[in-house]
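# Summary of structural features
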Amino acid sequence: MKVGNALFKLMSELGIRQVFGNPGTTELSFLKHMPKDFNYYLALHDGISVGMAEGYYFATRKPQIVNLHSSPGLTNAMGFIYEALISRIPLIVLVGQQYLYRLIDEPVLYGDFIKISQGVVKSAYEIRSEKDAIKTFIRAYKESITPPYGPVLISLPQDIPDMEVSEGEKVDIPKYFVSGTCDTSAIEFVLDKVKSASSIAIVAGYEVSIFSAHEELVRLAEKLNAPIYTEPYLSIFPIDSSNILFKGPLSRYKASDVVKELEKYDLVLVIGGWLNYVVFPDVDIRLNIVEVTSDFKEASKRKWDTIVCNPKDFLIKLYNMLYKGLNKNIIKRENRDLELQGDFITEVFKEMKGYLDKYTIFAEIPTYRDTLIKIIELKPSSLYITRSGLLGWALSALVGYSINGAKVLAIIGDGSFNYTPQALWSAVKYSTRLKVIVINNEGYASLSRHGVEADWLFPSTSPWKVALAYGFEAKESRDIKNDLKWLFEDDKRKLLEIRLARH
Ligand SMILES: Cc1ncc(C[n+]2csc(CCOP(=O)(O)OP(=O)(O)O)c2C)c(N)n1
C-alpha cells in the first residue's frame, strides 16, 4: 500500500471524510489517492479553506483536515490558522512540500514550514521517511484534540505519498481518552468561597459550548441566583439569551470596564472563558476570581485562582455539593437592562428577529455586535464570532458550517465582507443554504471612532454587486421590511445589503 492510500484509510477510520483546501503541484501526489467516498471542498483562497474547515468543525465538533499548497498556500492562510490556535479548533494542516531528496536545494515552493508556522500552530512536523507518515499523522491528530485543542501542521514532501508502506495495510487506531475530571479538593475550595460570598457573578466562555455545558451552567446560576455575563471576546454564544439571569456581554474593549461591571460582586466564577482578553488592557483585573477551564495555557497566565479541569464536570460537581450543603438564594434576581435607543440599526435587528429561529449566525459587525446580542434571541451555540479578531473569518466559517446542511446567516460589515468574498463561490459550488446580510456603513466605523481622521478609514464598496458575480441573488435594500421578507422567504442563497449613513 502507498502512503497516500494509507493516510486516507487512516482518516477514514477516524471518521474524517473530507478535505478542505486549495491545491498546487506539491499536493497532487497526495490528493490523487483520495477515495471516492471523500469530499474535497475547494476554496478560492487558501485562508478561506482553513476558515471553512473551522466552520465545519463547529457544525460537527470533529477535527478537520486542511490541505495547503507549500510556502505560498501556508503563508497565505496564516491568519486563519492563527484563528484556529486562538479559538482552540482541532485541525490537521497538511502542507505539500518539495521532494524529500531535493529539500537541500531549496527549490521554488520549498519552505521551512516548521519555522514559518511557529506561533500559529500547537506543533509542527515534517515527514522525513515513509515509515513516519502514519505515526506522524496519529501524533498530530492526538495533539489537536488534547485540550487546549488547536491546529497541528504536517509537512508532506510530494514523493512520500507514492512510497510503499507496509504498516499502512493494517492501520490500528489507538483509543485515546482525555478526561480532565475535577478533583474534589478543587470543588471544596470553590464551595467554601461560594458559601462566604454574598454576591456572585458567573462569566461564561466558549468552553461552555465546546463541552455542551450550558444546561449545567444555567442550573448552577439559578441555584446561586447569580447573573451570567458572557466573556469579553465572545466567540460562541453559550446560553439561552432569554434567561432572566443573562446580563449581556462584558466589554471587549477596556479591562477597566470589565472591572467596573464585576466589582459589584464579591466572587466571580469564570467558566470556560478568558476574562483578560480585551482590546485595551488598561488595568490589571484584581477581583476575587476563580477561573475554571480545561486550558492550562490560559490558566497559567492568570494571577487569580484557577482550576484546570473540564468545566462541565466542575459545574456538575459543584452543583451536587451545593445541593447537599447550601440552599439559599444568595442575591436578588436582577433584570437585564433592555433599554435600547430606537436608532436605525436597532430597528433593523428588531425586524430581523422574527426570521432567525433555526438560523445559526456568524457575525462580523464590530460596531453593532453588542446591539445585535441585546436584541435578537440566541440559543446556546447559535452565534459564532472570530476569537482572534481576524476579519474575513465569518464568511469563510459560515460557508464551511453550511456544508453540514444547517441554515446559516452571516451578518457582516462592508469592511469585513471585502476580506473573503470568494467564500460565496464555494457556497454556490457546494449548493449550501445560506443568507448574508451586509451592514454597509461605508468603511471602518469601529476604527474611525478613535480620533484619527483620514479618508483611508472609509473605503466605500458595493458588496451586493460582488455577490451577484459569484452567483448569489443579491440586492441593496430600499425597504427593510419587504427586503427581509425577500431574503428569508425561501432557501435560496441570497445577500441583502443594508446601507447606513456613515458614522
Ligand atoms: C485581518 C484584519 N485586518 C484588519 C483588522 C482591523 N480592523 C478591525 S475593525 C476593522 C473595520 C471593519 O469594518 P466593517 O466590517 O465595515 O465594520 P465597522 O468597523 O464599520 O463596524 C478593521 C479593518 C482586523 N481586525 N482583521
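Placed above this text is the structure.
Reading the values: the criteria
- Residues numbered from 1 in each chain as written.
- Predicted model: local features only at pLDDT ≥ 70, side-chain atom pairs only at ≥ 80, totals over all residues.
- Pairing = 2+ DSSP bridges.
- Helix = DSSP H or I, 4+ residues; strand = E, 2+ residues; numbered from the N terminus.
- Axes fitted to C-alpha atoms, helices over the stretch in contact; angles between N-to-C directions.
- Contact = placed C-beta atoms within 7 Å.
- Buried ≥ 20, exposed ≤ 12 C-beta atoms within 10 Å, placed from the backbone.

Bringing the sheet that holds strand β3 (residues 64-68) into the picture now. Pairing is parallel in the open sheet, where 6 strands are placed in the order β2-β1-β3-β4-β6-β5. Lying at the two open borders of the sheet, with one neighbouring strand each, are β2 (39-42) and β5 (123-126). Going across the sheet, the axis of each strand differs from the next one's by a mean of 25°, ignoring polarity. Pairing between strand β4 (residues 91-97) and strand β6 (residues 151-157): 7 bridges, direction parallel. The residue bridging Leu91 from the neighbouring strand is Pro151, located in β6. Of the strands in this sheet, β4, β5 and β6 touch helix α7 (residues 133-144), which is tilted by about 165° from β6.

What follows deals with the sheet that holds strand β16 (residues 434-440). Spatially, β14-β13-β15-β16-β18-β17 is the arrangement adopted by the 6 strands of the open sheet, whose pairing is parallel. Both outer strands of the open sheet, β14 (383-384) and β17 (473-476), are each paired with one neighbouring strand and no more. With 6 bridges connecting them, strand β15 (residues 408-413) and β16 associate as parallel partners. Looking at β16, one finds that Gly413 is bridged to Ile439.

Following the sequence through the fold, Ile127 ends up in the loop between β5 and α7. According to the C-beta neighbour criterion, Ile127 is buried, with 23 such atoms within 10 Å. As for Ile127 and Ile154, which are separated by 27 residues in sequence, their C-alpha atoms are 7.1 Å apart.

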